[in-house]
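Examination of the molecular architecture
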Amino acid sequence: MADTLVETKLLLPRVRRDTVARPRLDDLLDRTMDAPVTVVSAPAGFGKTTLLSTRLTAWLAEPVDPGAGGARAAAWVSLTDRDRQPGSFWTYVLHALDRAVPGSASAALALQQTGQAPIESALASVVNELSVHPGEVSLVLDDYHLADGPDIAEGMTFLVEHLPAQLRLTISTRADPALPLARLRARGELVEVRAADLRFTGEEAAAYLNDLHGLDLTADDVAALEARTEGWAAALQLAVLSLRDRADASAFIAGFAGDDRFVVDYLAEEVLGRQPEDVRRFLLNTSVLERLTGALCDAVSPTPDDQSRPGGRAMLDLLERQNLFVVPLDDHRRWYRYHHLFADVLAAHLFQERPEDVPALHARASRWYAGNGHTEDAIRHALAAGDTATASDLVELALPALRRARREHDIVTWITQLPVEVLDRRPVLAVGLIGGLMASNDFATIEARVHDVEQLLTRPASDLVVVDHGELERLPAALEVYRAGLALVGGDPSGTIVHAKNALGLAAPGDDLTAASASGLMGLALWTTGDIGAAHRAYIATADRLTHAGHIADVLGCSLAIADMELTLGRLRDAENTLRRALDLAEKHDAAGVAGPEVMRGTADMLVALSRIAWHRDDLPEVADLLRRADDLGEPSGLPQNPYRWRVAMARLRAAERNWPTALELLDDAQRVYVGDFSPPVHPIHATRARLLLASGDLDGARVWAREHKVGADDELSYLREYEHLTLARLLLAEHRATGDIATLQQATALLERLLDAATAGERDGTVLEVEVLRAAAYRSAGDQEAAETALEHAVELAEPEEWPRFLLDTPGLTELLRALAEQRPASTFLRDLLAGRADQPATAPQSDIRPGAQEPLLDPLSDRELDVLRLLGSELDGPAIARELVVSLNTVRTHTKHIYTKLGVNNRRAAISKAHQLGLLSRSARA
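Residues numbered from 1 in each chain as written. Predicted model: local features only at pLDDT ≥ 70, side-chain atom pairs only at ≥ 80, totals over all residues. Heavy atoms only, no water.

Notes on the environment of Arg703
Topologically, Arg703 is positioned in helix 35 (residues 699-708). With 389 residues separating them in the primary sequence, Arg703 and Ala314 have C-alpha atoms 77 Å apart. When residues no more than four places from it in sequence are discounted, the contact partners of Arg703 are Leu731 and Glu735. (Helix = DSSP H or I, 4+ residues; strand = E, 2+ residues; numbered from the N terminus. Contact = heavy atoms within 4.5 Å.)

Remarks on the sheet that holds strand 1 (residues 37-41)
Taken in spatial order, the five strands line up as 2-3-4-1-5 in an open sheet, and their pairing is parallel. Each edge of the open sheet carries a strand with a single partner, namely strand 2 (73-78) and strand 5 (190-194). Strand-to-strand, the axes of this sheet are offset by a mean angle of 15°, without reference to chain direction. Pairing analysis gives six bridges linking strand 2 to strand 3 (residues 137-142), with the strands arranged parallel. Following the sheet pairing, Ser78 is matched in strand 3 by Asp142. Across the sheet, helix 3 (residues 86-100) is in contact with strand 2, strand 3 and strand 4 (167-173); its angle to strand 2 comes to roughly 155°. (Pairing = 2+ DSSP bridges. Axes fitted to C-alpha atoms, helices over the stretch in contact; angles between N-to-C directions.)

Considering the side chain of Gln641
Relative to the assigned elements, Gln641 resides in the loop between helix 31 (620-633) and helix 32 (642-656). The residues contacting Gln641, other than those within four sequence positions of it, are Asp605, Val675, Gly676 and Asp677.

Remarks on the environment of Leu97
Within the secondary structure layout, Leu97 lies in helix 3. It is 51 Å that separates the C-alpha atoms of Leu97 and Ala713, two residues lying 616 residues apart in sequence.

What about the packing of helix 31 against helix 32?
Any two packed helices are characterised by the angle at which their axes cross and by the distance between the axes. Axis separation between helix 31 and helix 32 bottoms out at 10 Å; the angle between their running directions is 150°. What the angle tells us is that helix 31 and helix 32 run roughly antiparallel. Between helix 31 and helix 32 lies a crossing whose hand is left-handed. Residues Leu620, Val623, Ala624, Leu627, Ala630 and Asp631 of helix 31 form the contact with helix 32, whose own contacting residues are Trp646, Ala649, Met650, Leu653 and Ala656. Among the residues forming the contact of helix 31 with helix 32, the class breakdown is 10 nonpolar, no polar and one charged. (Parallel < 35°, antiparallel > 145°, perpendicular 65-115°, else oblique. Left-handed = near helix turned anticlockwise from the far one by under 90°. Nonpolar A, V, L, I, M, F, W, Y, C, P; charged D, E, K, R; others polar.)

Focus: the pattern of salt bridges
Should their charged atoms come close, side chains of opposite charge can pair. Under the definition given, this model contains 57 salt bridges. Note that Arg689 and Asp668 form a salt bridge whose closest N and O atoms lie 2.7 Å from each other. With Arg689 in helix 34 (residues 685-695) and Asp668 in helix 33 (residues 660-672), the pair connects residues that are 21 residues apart, well separated along the chain. For Arg689, a relative accessible area of 27% corresponds to the partly exposed category. Taking relative accessible area as the criterion, Asp668 reaches 38% and is therefore assigned partly exposed. One salt bridge connects Glu770 with Arg730, and the closest N-O pair in it is separated by 3.1 Å. Placement of the pair is Glu770 in helix 38 (residues 765-782) and Arg730 in helix 36 (residues 722-739), with a sequence separation of 40 residues. Arg730 shares its class with Glu770; the two are buried. (Salt bridge = Lys/Arg side-chain N within 4 Å of Asp/Glu carboxyl O. Buried < 20%, exposed > 50% of the residue type's maximum accessible area, 1.4 Å probe, protein only.)

Quick look at the domain arrangement of the chain
When the domains of the chain are assigned, the result is domain 1 (2-198), domain 2 (202-273), domain 3 (277-386), domain 4 (394-514), domain 5 (721-843) and domain 6 (864-918). Each of domain 2 and domain 4 was reduced to a C-alpha centroid, and the two centroids are 59 Å apart. (Domains from an automatic or database assignment.)

Notes on the pairing of strand 3
Counted residue by residue, strand 3 has six buried out of six residues, so it is predominantly covered. Residues Val137, Leu139 and Leu141 of strand 3 are buried on one face, and the alternating residues Ser138, Val140 and Asp142, pointing to the opposite face, are buried as well. Alignment of strand 3 against strand 4, held across five bridges, turns out to be parallel. Along strand 4, the bridge assignment pairs Val137 with Leu167. This β-α-β element, strand 3 to helix 6 (residues 150-161) to strand 4, shows right-handed connectivity. (Right-handed = clockwise from strand over helix to strand, strands pointing away.)

Here we look at unusual backbone geometry
Only a minority of non-glycine residues have a phi that is not negative, and only a minority of peptide bonds are not trans. For Asp618, which is not glycine, the phi torsion reads 65° and is therefore positive. Looking at the element boundaries, Asp618 is found in the loop between helix 30 (603-616) and helix 31. In this structure, Glu763 is a non-glycine residue whose phi angle is positive, near 55°.

Let's talk about the packing of aromatic side chains
With the rule as written, the count across this model stands at eight aromatic pairs. Between Trp804 and Phe807, the aromatic rings sit 5.9 Å apart at their centres with planes inclined by 35°, giving tilted as the arrangement. In this pair, the class of Trp804 matches that of Phe807, namely buried. One aromatic cluster is present, formed by Phe89, Trp90 and Tyr144 through successive ring pairs. Taking NZ or CZ as reference, Lys9 lies 3.9 Å from the ring centre of Tyr92, over its face. Just above the ring of Phe200 sits the side chain of Arg22; from NZ or CZ to the centre is 3.9 Å. (Phe/Tyr/Trp six-rings, centres within 6.5 Å; stacked < 30°, edge-to-face > 60°. Lys NZ or Arg CZ within 6 Å of the ring centre and 35° of its normal.)

Printed below as a string of structure tokens:
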């Protein structure tokens with residue numbers, strides 16, 4: 001849909017031709033480049049936007065001292081009242097920063113899109129990226145008063161309090177923002193530019209009126225005009241338009257007086273009164289528009305048949321040439337807007353002169369926007385026209401596309417703009433709102449809303465208003481889906497399954513999305529209870545329905561869950577095939593351009609998941625290659641969970657190389673960037689970290705984990721904590737090997753027996769495989785050779801057909817048992833390869849500098865100091881903290897960071913750390 005991002009809001013406004021040099025303001029603004037925050041606060045028409053865009057353009061063009069760091073960059077956001085919604089506001093701010101400094105906000109945008117992480121987490125990511133950026137960055141938020149409010153102030157306060165040294169924040173506003181200005185003022189971190197500073201002096205007014213516009217006014221006339229307007233830029237601009245071609249300039253200037261608002265009204269009357277009737281009518285008609293383009297103006301203000309008035313595009317060109325308060329919004333001069341003050345004046349005249357025409361003008365605008373794919377603008381104008389029915393129709397027809405694009409926030413925003421009583425007769429809209437609220441994790445009113453719609457659907461069809469009858473057919477099943485979702489959120493998996501089955505029974509033919517949602521919720525509930533076979537079947541049905549519906553990005557996410565279940569079921573080959581099919585599906589759709597660039601989102605996750613398959617097979621070069629390919633695709637190709645998944649996978653690789661420090665650092669970083677989804681957290685990062693501590697010989701650290709997470713051998717078992725209890729069993733076996741304590745071994749054996757019973761009952765052969773390997777080790781330690789051999793034989797029976805050696809490789813004490821089994825099965829290449837690859841080395845085995853599958857070393861290697869900086873770039877420290885840690889200046893850190901980025905071919909911290917892990921650079925840094 002065309003409403004996702006208005007590109008013109010991110011463009012630095014072009015420098016106006018009719019500007020006059022104002023050195024005193026340049027000097028004042030030069031001070032802002034040394035202050036973290038600048039507030040330019042003045043009423044409308046004081047030239048705030050012109051001043052800032054002119055100065056910023058000049059600042060960007062100034063030569064940079066080579067010793068001062070990298071190139072300068074500017075991020076500009078032109079805000080509107082629709083940016084009062086935090087989702088919209090931060091989307092524009094983060095996109096602006098990411099365009100100014102590529103890569104600086106990519107992770108933050110991914111976090112924000114999840115809708116689950118607080119904005120402070122996203123902003124912390126940006127702050128850390130910019131804190132080591134070598135160049136200065138200026139962020140300007142223009143017309144901030146239109147977006148200011150409590151919902152925005154919270155995140156803005158965090159940003160202001162944590163601004164990195166490189167970032168300068170400038171806020172242009174008509175009213176002081178709700179930010180801690182007093183605190184900033186007391187710390188000397190605030191520069192303020194007020195209306196008194198922006199008023200034209202007598203000299204500046206003379207230069208503007210005479211030198212720039214050639215009015216040839218006398219000194220007395222200039223002084224009188226400056227006094228009457230009190231140096232107000234908008235009034236002076238209107239005066240220029242009023243004074244053109246007047247022979248009686250002095251009499252005109254003497255003829256008006258009063259306060260600022262009166263002056264503008266008076267001068268606007270003069271300007272409008274001097275325009276030809278066709279131009280005046282065009283100005284008033286198009287005053288209902290926030291943005292202007294030729295075709296839109298033609299639709300709203302068509303040329304009468306008996307007139308030869310220029311078309312909309314030509315009229316906009318004419319207005320710009322005559323300086324009639326139109327502001328170009330792009331370099332191609334396709335889109336414009338009126339100066340805010342002039343727009344207010346035009347709107348006021350339209351309401352005074354032709355109030356009966358206003359609804360029709362908005363209706364024309366709505367029709368044009370709707371016909372050109374700008375649904376949000378079409379809805380807004382329909383509401384302004386008082387045409388609630390059309391606005392409601394537009395929202396209802398947009399619902400399927402909004403759901404497909406995961407724009408539930410927009411669904412909620414648009415529907416809540418409609419009168420509340422509209423939902424009393426429009427069930428499709430009412431259910432659309434329920435879906436939007438559910439997706440936003442806003443469950444408070446869902447139960448009551450579902451009940452209301454159920455009652456509404458019992459009424460005669462003549463009582464209902466519906467434009468999308470296909471959507472109406474979905475509603476009974478959709479309501480059951482939402483009841484299933486409520487049950488799942490409420491911890492009632494049985495209720496979830498009941499409602500999901502009801503939804504499947506009610507789903508209309510061809511309603512793939514509802515059926516997919518119901519199957520997915522049923523699968524989640526079954527997965528949570530440990531019935532993986534049934535959950536797997538439900539998810540297969542979900543993926544098939546999503547594929548048929550064209551929701552390819554959702555198919556990729558679903559495939560991750562299916563592969564995870566297949567691993568639990570002991571089907572390693574099936575898991576690999578599932579992931580490769582999903583990867584092929586994404587690549588085919590991407591090549592065909594079926595659904596645009598978003599189709600690729602999730603491709604990186606497929607590669608990371610495939611690296612897990614390769615790790616289970618002990619194919620470490622393949623693991624490394626898959627992780628490199630995933631990282632090379634970049635942030636846009638991954639789901640929000642990919643950053644933590646990639647780190648966990650890389651930690652497994654480093655652990656397989658017995659590089660324990662780096663592996664543990666990666667897991668700590670994975671926990672820091674963790675973002676969950678609806679899947680149950682059956683492999684928590686903290687338990688994986690405990691396994692690495694055990695493998696490295698740190699039993700104390702593993703014991704601390706068990707205490708902190710309250711994992712005990714006598715716990716009641718559940719599938720959700722199965723991985724943790726398996727980890728505990730490994731800890732108990734390690735403690736027995738270290739101490740010889742028989743009671744500990746008995747605890748481990750008893751726990752493993754219970755785990756085996758539970759996994760066998762649930763047909764979770766992947767878990768059975770791991771348990772049997774651990775049982776073999778436990779019975780060998782207890783001296784029960786027969787039981788050990790039986791358990792090991794069962795494990796091999798499960799592992800060999802799948803070519804799955806990982807658990808057999810990672811469990812100590814099995815070499816003799818495996819050798820004896822291999823002698824019994826001389827034809828088994830799996831056992832021969834297993835014995836060849838197995839080594840019960842000590843945890844401190846030496847490491848090679850180049851990991852399996854490593855890329856060629858850097859042509860320009862990093863220095864020791866750059867390696868130190870690189871290691872700290874992977875932490876949560878910002879630039880100043882890194883400087884303190886290394887006892888160097890912040891400029892030195894920036895310089896090193898710039899060199900690191902250049903040598904690694906990256907442009908942000910996260911990419912630098914990922915590339916460093918690929919190249920094994922952090923392994924060397926940690927050992928150095």
